[in-house]
Amino acid sequence: MPKPEFIYVSYIETTPEKLWEALTSSKFTKRYWWDTSVVSDWKVGSPFALVMDGTTTDVGEVLEVDRPRRLSYTFHHILSDAGRKERPTKVVFNLEPYGKLVKLTLTHEDFEEGSVILDGISKGWPAILSSLKSMLESGTALAIPRPCLGIEELSRS
Amino acid sequence: MNIDHFKPAIVYTIYIASTPAKVWEALTSAEFSRKYFSGFAIEADLRVGGAFIARAPDGSVHISGEVIECDPPRKLTITWNVNWPALVEKLGPTLVTYEIEPSGESVKLTMLQSHDRPIGDDILSGGRQGWPAILSSLKSLLETGEPLVIKMEPPQRMLAALKKMGIGTPS
């Protein structure tokens, strides 16, 4: 059986510093992440939360901050009962300069076997990171319908 | 060719601010593919049973295959066989499916690389390295008019694994 995890790689024409800012500042996440704020002071050990339209969907703790190379936090989906029951997982962003580009590798790992959250985030991250790439390269984030994020499905589960 | 027993080993989804017709054209025409796919020309005879080729910049045929399913601009399935000696004999054919769906004002493109037998992570590392680069560049091309300049390192881990299996790889 493959390890229950989700890995996504994207190449983005930007700088590591701008990409870092886009991942950690609500000013940017609200544009490409369906009005989601990332709430944290980004110090190791500090709390982390995703707040969508005023509702906290996910919480965690900042694990690693190596600006602008590596960021990780724990991730616990709290919007649905099914999510709350699962153990917190781990999100890692690696940012590598790649010529004039940045190679962004997202690893979301440490899921329980048969995790319903893994299904949801496997749908959500490609939409979020595609929109992020568009915003940084063309200035316009994508208007992807919100169900693509997989959040509604989770709330029903 | 019966493809029922093929299972996806690599899935990559990307959303693109474009139309299904443009994404289809980008995936199937040499004019586009040369820009986002390291100079490789896709030459596809877009009907079931038609030939599918990716021609390297030096003119050689690098990937050859056959169109298995063709439903423009929604779904294209092709065999995607790299022309290295003994590769298909030892690994079986590789199947690539593109699914193109409208998603609001964008397009959701899903690439599935499938095999008819279990394939190890060392071999799959080649596709896991290549697809995100190719499809990131395709997205940039369609959205900004400019592809990405991605200088790919050779997929060393995959090449080493193929060599070990006695599959001829470029030296």
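Residues numbered from 1 in each chain as written. Chains lettered and ligands numbered in written order. Predicted model: local features only at pLDDT ≥ 70, side-chain atom pairs only at ≥ 80, totals over all residues.

Trainee: Got a sec to walk through the overall build of chain B? Specific residues and values, please.
Mentor: For chain B, the helix and strand inventory stands at five helices and eight strands. Along its sequence from the N terminus, chain B presents helices and strands in the succession β-α-α-β-β-β-β-β-α-β-β-α-α. Computed over its C-alpha atoms, the radius of gyration of chain B comes to 15 Å, within 12% of the 16 Å expected for a compact globule of 171 residues. Considered along the principal axes of its C-alpha atoms, chain B spans approximately 45 × 35 × 30 Å. Considering chain B as a whole, with its 171 residues, one finds that 37% of them fall into the buried category. (Helix = DSSP H or I, 4+ residues; strand = E, 2+ residues; numbered from the N terminus. Rg over C-alpha atoms; globule rule 2.2 N^0.38 Å. Buried ≥ 20, exposed ≤ 12 C-beta atoms within 10 Å, placed from the backbone.)

Trainee: Can you break down the overall build of chain A residue by residue, with the values?
Mentor: The number of helices and strands found in chain A is five helices and seven strands. Listing each helix as α and each strand as β along chain A from the N terminus yields β-α-α-β-β-β-β-α-β-β-α-α. In summary, chain A has a C-alpha radius of gyration of 15 Å against a globular reference of 15 Å for 157 residues, a match within 12%. For chain A, the C-alpha atoms occupy an extent of roughly 40 × 35 × 30 Å along the three principal directions. When the 157 residues of chain A are sorted by exposure, 38% land in the buried category.

Trainee: With reference to specific residues and values, describe the confidence of the model for chain B.
Mentor: Residues with a pLDDT of 70 or more make up 99% of chain B, whose mean pLDDT is 95. Here the predicted complex carries an ipTM of 0.95, next to a pTM of 0.95. (pLDDT = per-residue confidence, 0-100.)

Trainee: Requested: an account of the interface of chain A and chain B, with residues and values cited.
Mentor: Facing the 20 residues of chain A at the interface are 20 residues of chain B. Mapped onto the side of chain A that touches chain B, the elements with two or more residues apiece are β1 (6–12) and α4 (116–138) of chain A. In the side of chain A that touches chain B, the residues fall into ten nonpolar, six polar and four charged. (Contact = placed C-beta atoms within 7 Å. Nonpolar A, V, L, I, M, F, W, Y, C, P; charged D, E, K, R; others polar.)

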